[in-house]
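Residue strings, one per chain:
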Amino acid sequence: MPRNMSFVYAFIVFAAIIPVHKAHAQRDDAEWLQQCRDDRHWDRRERYCEVRHTAMRAPGGTITVDEQRNGGVTIYGSRPDSLIITTRLQVDARTQSQARDIAKRVQTVVRGSSIYAEGPRSGNDYDDDVSWTANLVIWAPRQSDLRVSTRNGPVLVEDINGDMQLETRNGPLALRNLAGNVRARTTNGPLSITLGGAGWTGAGLDAETSNGPLSLRVPDGYSAHLEAGTNNGPMSLGFPVTVVGRIGREISTDLGKGGTTIRAVTHNGPLSIERR
């Protein structure tokens, strides 16, 4: 696509989408900027905070954010033909000038359906007194296949139907109103699952946290086969369930009329199951 046509398309995408999400996005961006500027009580370094927006036609294929090392990833289901990426950039340095210089060298890269933040590396391009994080907030088509992994950053996915592999090492993982074939793992962090609708659509959900609490919220009247448990931690049930035998550290039961299997496990942490 010629550069001038790309600009025209980006303008059309923003014109079409921003009125729908404008108040929500502006409020979230403003809140993030305020928190970014205020949350430095112990740090004597200078901080620079910036929000950037990128809009384009949805590239097709599996949306991949792989090994995001400096920041978290949030993906919301949105329009079927477009992709909007918000980059929330935070840089800490000895001086404001140095922080701004580092920020200029951080880019949000989109190559096909692969998205990642790229910037200078500690030890090579700057010393230990400088750090940067780029949190990506992505508005993607509701029907999307995802491959997302982070190190030391949260992952949140909401209102998406597709084939998904989601992983975070040392960070929280939140799944809200998903469908399809979903495999989700967090190594050291809480796992939060909020189900939506009347039942799971698709192949099912397989979610685990190795070291962290697990919370599962289920709507009234929801139908699925539930496999849930904790190896080392208490279990709390906010509504009655029918099981064969005694309730111990694991539950295997049909919710409502039964159906697709939803598996949610924590190996070292408490488990709570509640009604929405």
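Residues numbered from 1 in each chain as written. Predicted model: local features only at pLDDT ≥ 70, side-chain atom pairs only at ≥ 80, totals over all residues. Heavy atoms only, no water.

Section: the overall build of the chain
Scanning the chain from N- to C-terminus turns up two helices and 20 strands. Residues counted as buried form 45% of the 276 residues belonging to the chain. The contacts in the chain between residues at least 6 apart in sequence include a share of 61% that link residues at least 24 apart. Carbon and sulfur atoms provide 47% of the accessible area of the chain, an area that totals close to 14000 Å². (Helix = DSSP H or I, 4+ residues; strand = E, 2+ residues; numbered from the N terminus. Buried < 20%, exposed > 50% of the residue type's maximum accessible area, 1.4 Å probe, protein only. Contact = heavy atoms within 4.5 Å. Areas by Shrake-Rupley, 256 points an atom, 1.4 Å probe, with all protein chains shown as cover.)

Quick look at the confidence of the model for the chain
Of the residues in the chain, 86% have a pLDDT of 70 or more, and the chain-wide mean is 88. Contacts of residues 1-20 to residues separated by more than four positions or lying in other chains number 20 contacts, the stretch itself having pLDDT below 50. (pLDDT = per-residue confidence, 0-100.)

Considering the pattern of salt bridges
Close approach of charged atoms allows side chains of opposite charge to pair. Under the definition given, this model contains 16 salt bridges. Put simply, R185 and E208 hold a salt bridge, and the shortest N to O gap is 3.8 Å. On the criterion of sequence distance, the pair formed by R185 in strand β12 (residues 179-188) and E208 in strand β14 (residues 204-211) is long-range, its members being 23 residues apart. What makes E208 buried here is its relative accessible area of 15%. Among the ionic pairs, R275 bridges to D220, the shortest N-O distance being 3.4 Å. Taken together, the positions of R275 in strand β20 (residues 271-275) and D220 in the loop between β15 (214-218) and β16 (224-232) put the pair 55 residues apart, joining distant regions of the chain. Residue class for R275 comes out partly exposed when judged on its relative accessible area of 33%. Each of E67, R151, E167 and R169 takes part in a single network of salt bridges with overlapping partners. (Salt bridge = Lys/Arg side-chain N within 4 Å of Asp/Glu carboxyl O.)

Description of the packing of aromatic side chains
Within the structure shown, the criterion is met by one aromatic pair. Ring centres 4.8 Å apart and planes at 35° place the aromatic pair Y76 and W139 in the tilted group. With a gap of 63 residues between them, Y76 in strand β3 (residues 73-78) and W139 in strand β7 (residues 131-141) connect regions that are remote in the sequence. Neither Y76 nor W139 differs from the other in exposure class; each is buried. Above the ring of F239, the side-chain terminus of R275 is found at 3.9 Å from the ring centroid. (Phe/Tyr/Trp six-rings, centres within 6.5 Å; stacked < 30°, edge-to-face > 60°. Lys NZ or Arg CZ within 6 Å of the ring centre and 35° of its normal.)

With respect to the nonpolar core
Grouped together as the largest cluster of nonpolar side chains are 43 residues, with contacts concentrated most on I138, L146, L166, L175, I193 and I273. The contacts of L175, once residues within four sequence positions are left out, are V157, L166, A184, L191, S192, I193, T194, L205 and A207. Residues A99, I102, V106 and V130 belong to the second largest nonpolar core, which totals twelve residues. (Core = buried A, V, L, I, M, F, W, Y, C linked by side-chain atoms within 4.5 Å.)

A word on unusual backbone geometry
Although it is not a glycine, D159 sits at a positive phi angle of roughly 60°. For D159, the position within the fold is in the loop between β9 (155-158) and β10 (161-169). In this model, N177 sits at a positive phi of 55°, which is unusual for a non-glycine residue. If you trace the backbone, N177 turns up in the loop between β11 (173-176) and β12. N177 gets classed as partly exposed once you look at its relative accessible area, which sits at 34%.

Quick notes on the sheet that holds strand β1 (residues 46-57)
Pairing in this open sheet of ten strands is mixed, and the strands run β1-β4-β7-β3-β9-β11-β13-β15-β20-β17 from one edge to the other. Of all the strands in the sheet, the pair left with one neighbour each is β1 and β17 (235-237). Recorded for the sheet is a direction-independent mean angle of 10° between the axes of neighbouring strands. Pairing of β11 with strand β13 (residues 191-194), which is carried by four bridges, proceeds in the parallel orientation. Paired with L173 across the two strands is L191, which belongs to β13. With respect to the sheet, helix α2 (residues 96-104) is in contact with β1, β4 (82-93) and β7, its orientation differing from that of β1 by roughly 20°. (Pairing = 2+ DSSP bridges. Axes fitted to C-alpha atoms, helices over the stretch in contact; angles between N-to-C directions.)

Structural notes on the side chain of S272
As for its position among the elements, S272 is in strand β20. Sequence-distant contacts of S272, defined by excluding residues within four places in its chain, comprise L214, S215, L216 and S236.

Quick look at the pairing of β15
Side chains L214, L216 and V218 project from β15 onto a buried face, and the interleaved S215 and R217 project onto a face without burial. Bridging between β13 and β15 involves four bridges; their strand directions are parallel. Across the sheet, residue I193 finds its bridge partner in β15, namely L216. Of the strand pairs in this sheet, β15 and β20 are connected by five bridges, and their pairing is parallel. Across the sheet, residue L216 finds its bridge partner in β20, namely I273.

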